[in-house]
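# Working through the structure, step by step
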Amino acid sequence: MAIDRWLLKQHQSGHPSTLRFYTWSPPAISLGYHQRQYPEYWQNLTWQGQKLDLVRRPSGGRAVLHQGDLTYAVVTSGLMGSRLQVYEKICEFLIQGWRSLGVELDYGTAGRGYIHNPNCFATATSADLVLPDGTKLIGSAQLRRGGVILQHGSIRLQPDAELFAQVFGAESFTTIQLPQSLSVEKIIAALIAAASNCFDMQIEVKPLSPLEWEEILEQ
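## A word on the state of the cysteines
Here the structure, examined in full by the defined rule, presents zero disulfides. The structure places no disulfide on cysteine 91, whose sulfur is separated from the nearest cysteine sulfur, that of cysteine 198, by 11 Å. Looking at cysteine 91, the relative accessible area reads 0%, which means it is buried. When its relative accessible area of 26% is taken as the criterion, cysteine 198 is described as partly exposed.

Encoded structure:
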């Protein structure tokens, strides 16, 4: 998440738009920027012998358990319209990418009641994407700095039911029905192709350099 923040600053200083994908090791719970209330025991959770990190996102929303998920981040600017319209412009590549993999997604319909639930995946608002059975697959959040936007989100792939229940309670877990043949690499490739098409741009894959890592760690 520190990298997402750094990428936003880079774009503010003139660097191109960025699309980023990442997973988490060890697993972690990310809290929304304004989320102050959460169970105290979250600070001492472990899974498979590893302590879960507790981190704060630069964006809003509720808590997300990052285990068995894929996180995406988009940093860009120049998008006009309301917050919801900008969400939809960015989310179009997620919808198209998953459609190319045989999975149809639509926007959630929940209202503001989500703010009373610590679990991001317990409800799906109009900024989130759900499967045909209503199960939330992708939860997204935004941070705006002037005309620059960071939108990132968690794509649930293979969540561990026992850990999820340990964090949020057994009744909050829903099984995700996805095609068995989908690997993380295949999903990322489909989403990159969709982003290139939706945003009409050439995407160059670049790992972070040692110097960039130094800048990020010095934040």
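We are not done yet, so read on.
## As for the side chain of threonine 71
Mapped onto the fold, threonine 71 is located in strand 7 (residues 69-77). Its relative accessible area of 1% is what places threonine 71 among the buried residues. A polar contact of 2.9 Å, which involves the side chain of threonine 71, links it to the side chain of tryptophan 24. Filtering out sequence-adjacent residues up to four positions away, threonine 71 remains in contact with Arg20, Phe21, Tyr22, Trp24, His66 and Gly153.

## Some points on the packing of helix 2 (residues 83-100) against helix 4 (residues 184-198)
Helix 4 packs onto helix 2 with a crossing angle of 130° between their chain directions and a minimal axis gap of 8 Å. Considering the angle they form, helix 2 stands oblique to helix 4. Judged by the sense of rotation from one axis to the other, the crossing of helix 2 with helix 4 is right-handed. Residue-level contacts link Glu92, Phe93, Leu94, Gln96, Gly97, Trp98 and Ser100 of helix 2 to Ile187, Ala190, Leu191, Ala194, Ala195, Asn197 and Cys198 of helix 4.

## Overview of the packing of helix 1 (residues 2-12) against helix 5 (residues 210-217)
As a packed pair, helix 1 and helix 5 sit with axes 10 Å apart at the nearest point and diverge in direction by 105°. Relative to helix 5, the element helix 1 lies roughly perpendicular. From helix 1, Ala2, Ile3, Trp6 and Gln10 reach across to helix 5, where they touch Glu212, Trp213, Glu215 and Ile216. Broken down by class, the residue content of the contact of helix 1 with helix 5 amounts to five nonpolar, one polar and two charged.

Procedures and definitions
Residues numbered from 1 in each chain as written. Predicted model: local features only at pLDDT ≥ 70, side-chain atom pairs only at ≥ 80, totals over all residues. Heavy atoms only, no water. Disulfide = S-S within 2.5 Å. Buried < 20%, exposed > 50% of the residue type's maximum accessible area, 1.4 Å probe, protein only. Helix = DSSP H or I, 4+ residues; strand = E, 2+ residues; numbered from the N terminus. Polar contact = N/O pair within 3.5 Å; in protein donor to acceptor, adjacent residues only side chain to side chain. Contact = heavy atoms within 4.5 Å. Axes fitted to C-alpha atoms, helices over the stretch in contact; angles between N-to-C directions. Parallel < 35°, antiparallel > 145°, perpendicular 65-115°, else oblique. Left-handed = near helix turned anticlockwise from the far one by under 90°. Nonpolar A, V, L, I, M, F, W, Y, C, P; charged D, E, K, R; others polar.

These figures capture arrangement, not role.
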